[in-house]
Amino acid sequence: NKLKYIDLSDSLVTIEAHAFESNWALERVDFPSTLKSIGNVAFGGCGADSIIIPENTSLGTYAFNWSAMRYVELPTSYYNIATQYVFTNCSNLNRIKLKSPTLLHGNTSDFVSNKGNITLVVPDYLVSSYKLDSYWYTYKDVEGFGTSEVDTWTINNPVVLDASSRLQGTPNVNINYTTLTM
């Protein structure tokens, strides 16, 4: 394949398994907000430098394996790593922005393969939680970002704020967690 840019339909819901696999010429792909699923190995071996995953989009096993990307941004709705090997063998990957308002859980062990080269960027109030977590502390670094840049929070796990932490801005909030304590 020699596609350099993929212009995906605004009504696209699913990208099937192996859809754009081994397309090293691919420089850019913009996902529509309607996307709900990226299949197994859909972008494995692609040349895109960065990707931004839309809200409520699931990622298949090896979805971006062996890709050339340097930057990945995961939405606030991505709170649980359900499949293994999503970003393995992406040797150029050096920055992952996790916009989830809670610490990511799930099948983290094989999420990426070069943790020591990757800086995580997480909401300011979660930096300490990531640095102290038994999996995430092995990453190169953990940096915070101001929460005012988030328009909508999707909360699936308890949010823990200390006395000095505040959510900034006036975002919309979607709560998918069944037990709330005050």
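The rules we used
Residues numbered from 1 in each chain as written. Predicted model: local features only at pLDDT ≥ 70, side-chain atom pairs only at ≥ 80, totals over all residues. Heavy atoms only, no water. Core = buried A, V, L, I, M, F, W, Y, C linked by side-chain atoms within 4.5 Å. Buried < 20%, exposed > 50% of the residue type's maximum accessible area, 1.4 Å probe, protein only. Helix = DSSP H or I, 4+ residues; strand = E, 2+ residues; numbered from the N terminus. Phe/Tyr/Trp six-rings, centres within 6.5 Å; stacked < 30°, edge-to-face > 60°. Polar contact = N/O pair within 3.5 Å; in protein donor to acceptor, adjacent residues only side chain to side chain.

1. Concerning the nonpolar core
So, step 1. Formed by 49 residues in total, the largest nonpolar core has its most connected members in Phe 31, Phe 43, Phe 64, Phe 87, Phe 111 and Trp 136.
So, step 2. Listing elements by their share of this core, those giving two or more residues are strand S7 (71–74), strand S9 (95–98), strand S11 (119–123), helix H1 (127–132), strand S12 (141–145) and strand S13 (152–155).

2. Considerations on the packing of aromatic side chains
Given two aromatic rings, their pairing is described by the distance between the two centres and the angle made by the two planes.
So, step 1. With the rule as written, the count across this model stands at twelve aromatic pairs.
So, step 2. Considering the side-chain rings of Phe 20 and Phe 43, the 5.3 Å spacing of their centres and the 20° angle between planes classify their relative orientation as stacked. Placement of Phe 20 in the loop between strand S2 (14–15) and strand S3 (28–30) and of Phe 43 in the loop between strand S4 (37–38) and strand S5 (50–52) is noted, with a sequence separation of 23 residues between them. With respect to burial, Phe 20 and Phe 43 carry one shared label: buried.

3. Some words on the environment of Trp 136
So, step 1. Secondary-structure assignment places Trp 136 in the loop between H1 and S12.
So, step 2. Overall, Trp 136 belongs to the buried group, its relative accessible area being 0%.
So, step 3. For the pair Trp 136 and Glu 149, spaced 13 residues apart in sequence, the C-alpha separation works out to 23 Å.
So, step 4. Within polar-contact distance, the side chain of Trp 136 engages the backbone oxygen of Leu 104 at 3.3 Å.

That is the geometry; function is a separate question.
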